[in-house]
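In case you want the letters, here they are:
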Amino acid sequence: MKKPVDHLTLNAADGEALIARVHRSNLPRADAETVEWVIRMYFHVVFALQEANISTKRLRSLLFGKHPAPSPLPQESFAPSQADGDEASVNALLEADVETDVTAHQAPPGESQGPERAKAQGGHRPGTGRLGAVAYAGATRVECRHEELSVGQRCPVCGQGNLYALPAGVEIRIDGNALLSAIHYELEKLRCSACGEIFTAGLPEGVGDEKYSAQARAVLAVSRYYLGVPGYRLQGYQAMLGVPVPDATQWDEIEVVGDCAYKVFAQMEREAAQGELIFQDDTAVRILALIKENSELFAQAQAQGLATPKARTGMHTTALAVQVGEHTAILYYSSRRHAGENLQGLLDKREAGLEKPLAMSDALSSNEVADESLLMRCHCLAHGRRKCSDLEAVFPYECRMVLEVISQVFDHDEQARKEQLSPEARLAYHQAQSQPLLDGLKCWLDQQIDAHLVEPNSALGKAIAYMQSHWETLTRFLSVPGAPLDNNLAERALKLFIRQRKNSLFYKSTHSAYIASVLTSLIATCLYAGVNAVEYLVALQEHRGEVFADPAAWLPWAYASSRASP
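Because the structure is predicted, anything quoted here is derived from the model rather than measured.

*Asks:* Hey, could you run me through the overall build of the chain in this one?
*Replies:* The number of helices and strands found in the chain is 20 helices and seven strands. Here the chain holds 566 residues, and the buried ones make up 36% of them. Considering only intrachain contacts with a sequence separation of at least 6, the fraction spanning at least 24 residues in the chain is 67%. Of the roughly 35,100 Å² of accessible surface on the chain, a fraction of 53% belongs to carbon and sulfur atoms.

Following this line, the structure appears as structure tokens:
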């Protein structure tokens, strides 16, 4: 279509006048309505571009509607017979492509061409919506009794029967308060008129000598490293409710919790080093002390005539989620070291003679350790899928071929999880159900490149090359018992630190970043183990001597059976 030479800008009044002239013209009614639609769409698109941040994909859907669902993939195309050989498999794939294209053109436009999937209809997901009284385990209990009636008394209505007890009714009332509450104690003072001695009343039993209790410090730590509330924001909220807590004081009290927790963190590192499955990933972090160092490094580089300094300037938060037997340890590190270096540091603590652990990550080089022979690398299949899903609107059929197969593989893995199959049984299940699909997909990917059906330097060609070059590690679950399909566990674990970064932006020093890593690691591990993180941090403070003497007994998953657990 030829591009107009001049630019034209219409306001709303001009547009309405133009629509009126179109309807008064000799154009047929259908043509006039089409022109009116074009004019109104022009104003709608201009408004969307001016008033909203709209993505290219959303703008395409706005103008052309949602992309129609592509035709279903032939089931036989990804399950070639073992006896036919590679050539027969490729021919079957190409024939299936042609048949699918013909079927797609012949299908009625109103019929759905994709496979139907059962979806839950309506309702809330578990844990949301209306909650029963049992859910409010921390609520203060108040007994309400009849003032004029009692058990055994004659019924005031009929006057014939006697009253007997029933199970109490329950009503829940929700109140609001500050995260930290304060109690104002007024201590009576008496003074002798003769000698001047002053007698001060004591505090009630159970009130400690310190201004901030262990519970208050634990709440501060959880609000900062789980809720992601920055100190200055909590300071404003507390002042609003009449219990001011300066942000500097909050840090002092959080540091006390960290002083009780770092021994457990070190023990959890040693335990995790012996784990059999490690998920790793990292994200960016801001540390003011390192940012200041970077400024000095850039100034020195410019003085030497260099565009960038030779020294490392990056800052990363690494999440390592490690399965240790039946337990999962989640470890965080915030520093200049990337995920591969932090994993190498963990492997250095591993005892000799153990089998190689499985390490799941994406295919970035920053995830690699100095000696990859120390582990068995798995790469995230979901990352390979995402490279095609991002291109689905541009290459609908080619990407759908990949997405459908990977979707079925994930369905098989979900079924194995529901049936609680052992690692060996899960491996056999995938070899029987998923391997034929993936073998067919591999042949199809090779055919796209070898037959020059896809430009290698295009976005789709690069996505195919990514899967081809990492095929062995992407499909490790077909050869190794217990190998995972994706790296979702590490990515979910990183959300705690991403939440902190979005809310409070940075850490002041490497020490504060270390305290954040220690406490977030324990909180995340508690959440994964089903342990109340506030009660756990309180117990670490109240039993500091015992924690330092035997930190292994105070790991989050061991806390539930410790004598300090409520």
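*Asks:* What's the story with the sheet that holds strand 3 (residues 277-284) in this structure? I'm lost.
*Replies:* Whether parallel or antiparallel, the strands of a sheet pair through hydrogen bonds between backbone atoms. Spatially, 5-4-3-6-7 is the arrangement adopted by the five strands of the open sheet, whose pairing is mixed. Both edges of this open sheet fall to strand 5 (327-335) and strand 7 (376-379), since each of them pairs with a single strand only. Between one strand and the next, the sheet's axes are offset by a mean angle of 20°, whatever the strand orientation. Relative to strand 4 (residues 316-324), strand 3 is paired through eight bridges, and the arrangement is antiparallel. Across the sheet, the residue bridging to D282 is T318, located in strand 4. With respect to the sheet, helix 9 (residues 339-347) is in contact with strand 3, strand 4, strand 5, strand 6 (358-361) and strand 7, its orientation differing from that of strand 3 by roughly 145°. Packing of helix 16 (residues 488-504) onto the sheet brings it into contact with strand 3, strand 4 and strand 5, and relative to strand 3 it is tilted by some 30°.

*Asks:* I would appreciate a short explanation of the packing of aromatic side chains in the present structure.
*Replies:* For any pair of aromatic rings, geometry is given as the distance between the ring centres together with the angle between the planes. Counted by the stated rule, this structure contains six aromatic pairs. Geometrically, the ring pair formed by F265 and Y333 is edge-to-face, given 6.1 Å between the ring centres and 65° between the ring planes. Within this pair, whereas F265 is found in helix 7 (residues 247-272), its partner Y333 is found in strand 5, the two being separated by 68 residues in sequence. For F265, a relative accessible area of 4% corresponds to the buried category. Using a relative accessible area of 15% as the deciding quantity, one classes Y333 as buried.

*Asks:* In this structure, what is going on with a nonpolar patch on the surface? I would like to understand it.
*Replies:* On the surface, L179, Y226, L227, Y237, M240, L241 and L527 cluster together into a nonpolar patch covering about 640 Å² of accessible area. Looking at the element boundaries, M240 is found in helix 6 (residues 231-240).

*Asks:* I tried to follow the side chain of H383 on my own but got confused; where do I start?
*Replies:* Within the secondary structure, H383 sits in helix 10 (residues 381-389). A relative accessible area of 14% places H383 in the buried class. Here H383 is in contact with D362, Y466 and E491, once residues within four sequence places are set aside.

*Asks:* How do you make sense of a positive patch on the surface when you look at a structure like this?
*Replies:* On the surface, a cluster of positive charge is contributed by K263, R270, R337 and K349. Following the sequence through the fold, K349 ends up in the loop between helix 9 and strand 6.

*Asks:* Would you mind showing me how to read the pairing of strand 5 here?
*Replies:* Of all the nine residues making up strand 5, seven are buried; the element is thus mostly covered by neighbouring parts of the structure. Between the end of strand 4 and the start of strand 5, which pair antiparallel, lie two residues, with G325 showing a positive phi angle near 65°.

*Asks:* Quick question: what am I supposed to make of the pattern of salt bridges here?
*Replies:* Two side chains carrying opposite charge are able to pair once their charged atoms lie near each other. By the definition in use, this model includes 18 salt bridges. A salt bridge links D413 to R426; the nearest nitrogen and oxygen atoms lie 2.9 Å apart. Residue D413 is found in helix 11 (residues 396-418), and its partner R426 is found in helix 12 (residues 423-433); the two are separated by 13 residues along the sequence. Grouping residues by exposure puts D413 and R426 together as buried. Between K442 and D446 there is a salt bridge; the shortest N-O distance is 3.0 Å.

*Asks:* Honestly, the environment of T318 in this entry has me stumped. Any pointers?
*Replies:* One can find T318 in strand 4. With a relative accessible area of 0%, T318 lands in the buried category. The spatial distance from the C-alpha of T318 to the C-alpha of N342 is 7.2 Å, given a sequence separation of 24 residues. Filtering out sequence-adjacent residues up to four positions away, T318 remains in contact with D281, D282, L331, Y332, Y333, R337, H338, A339, N342 and L494. Engagement of the side chain of T318 in a polar contact is seen with the backbone nitrogen of A339, the distance being 3.5 Å. Among the polar contacts made by the side chain of T318, one reaches the side chain of N342 at a distance of 2.8 Å.

*Asks:* Just to check I follow, could you spell out unusual backbone geometry for this structure?
*Replies:* Most peptide bonds take the trans form, and the phi angle of most residues other than glycine is negative. Phi is positive for Q420, close to 55°, though the residue is something other than glycine. Along the chain, the position of Q420 falls in the loop between helix 11 and helix 12. Phi angles above zero are rare outside glycine, and H452 is one such case at about 55°. Looking at where H452 falls in the secondary structure, it is placed in the loop between helix 13 (435-450) and helix 14 (459-469).

*Asks:* Hey, could you run me through the environment of V256 in this one?
*Replies:* Relative to the helices and strands, V256 resides in helix 7. What makes V256 partly exposed here is its relative accessible area of 32%. For the pair V256 and A214, spaced 42 residues apart in sequence, the C-alpha separation works out to 9.4 Å.

Calculation criteria
One numbering rule holds for all chains: residues counted from 1, following each sequence as written. With pLDDT at 70 or above as the cut-off, local features in this predicted model cover only qualifying residues; side-chain atom pairs require 80 or more to be listed or tallied, and sums for whole chains, interfaces and linings still use all residues. To get the side-chain values, take all heavy atoms of the structure and skip hydrogens and water. Strands are runs of DSSP state E lasting at least 2 residues, helices are runs of H or I lasting at least 4, and numbering of each runs from the N terminus. Classification of residues uses two cut-offs on accessible area relative to the type maximum, computed with a 1.4 Å probe and protein chains only: under 20% is buried, over 50% is exposed, and between them is partly exposed. Residues are treated as being in contact if the distance between any of their heavy atoms lies within 4.5 Å. Areas reported here follow the Shrake-Rupley algorithm with a probe of radius 1.4 Å; residue values treat only the protein chains shown as occluding. Strand pairing follows a simple DSSP-based rule, namely that at least 2 bridges must link the two strands. Between N-to-C directions, angles cover 0 to 180 degrees, with each direction set by a line fitted to C-alpha atoms, over the stretch in contact for helices. Aromatic contacts are taken between Phe, Tyr and Trp rings whose centres are within 6.5 Å, Trp giving its six-membered ring; a plane angle under 30 degrees counts as stacked, one over 60 as edge-to-face, and the others as tilted. Note on patches: the residues involved have over 30% relative accessible area and no salt bridge, like charges join within 9 Å, and the nonpolar side chains Val, Leu, Ile, Met, Phe, Trp and Tyr join within 5 Å. Salt bridges, as used here, are contacts in which a Lys or Arg side-chain nitrogen is within 4 Å of a carboxyl oxygen on Asp or Glu. Charge counting treats Lys and Arg as positive and Asp and Glu as negative, with His and both chain ends excluded. Charge positions are represented by NZ for Lys, CZ for Arg, CG for Asp and CD for Glu. Each polar contact in these results corresponds to two N or O atoms within 3.5 Å; when the atoms are within protein, one needs to be able to donate a hydrogen and the other to accept it, and residues that are neighboring in sequence are counted only if both atoms are side-chain atoms.

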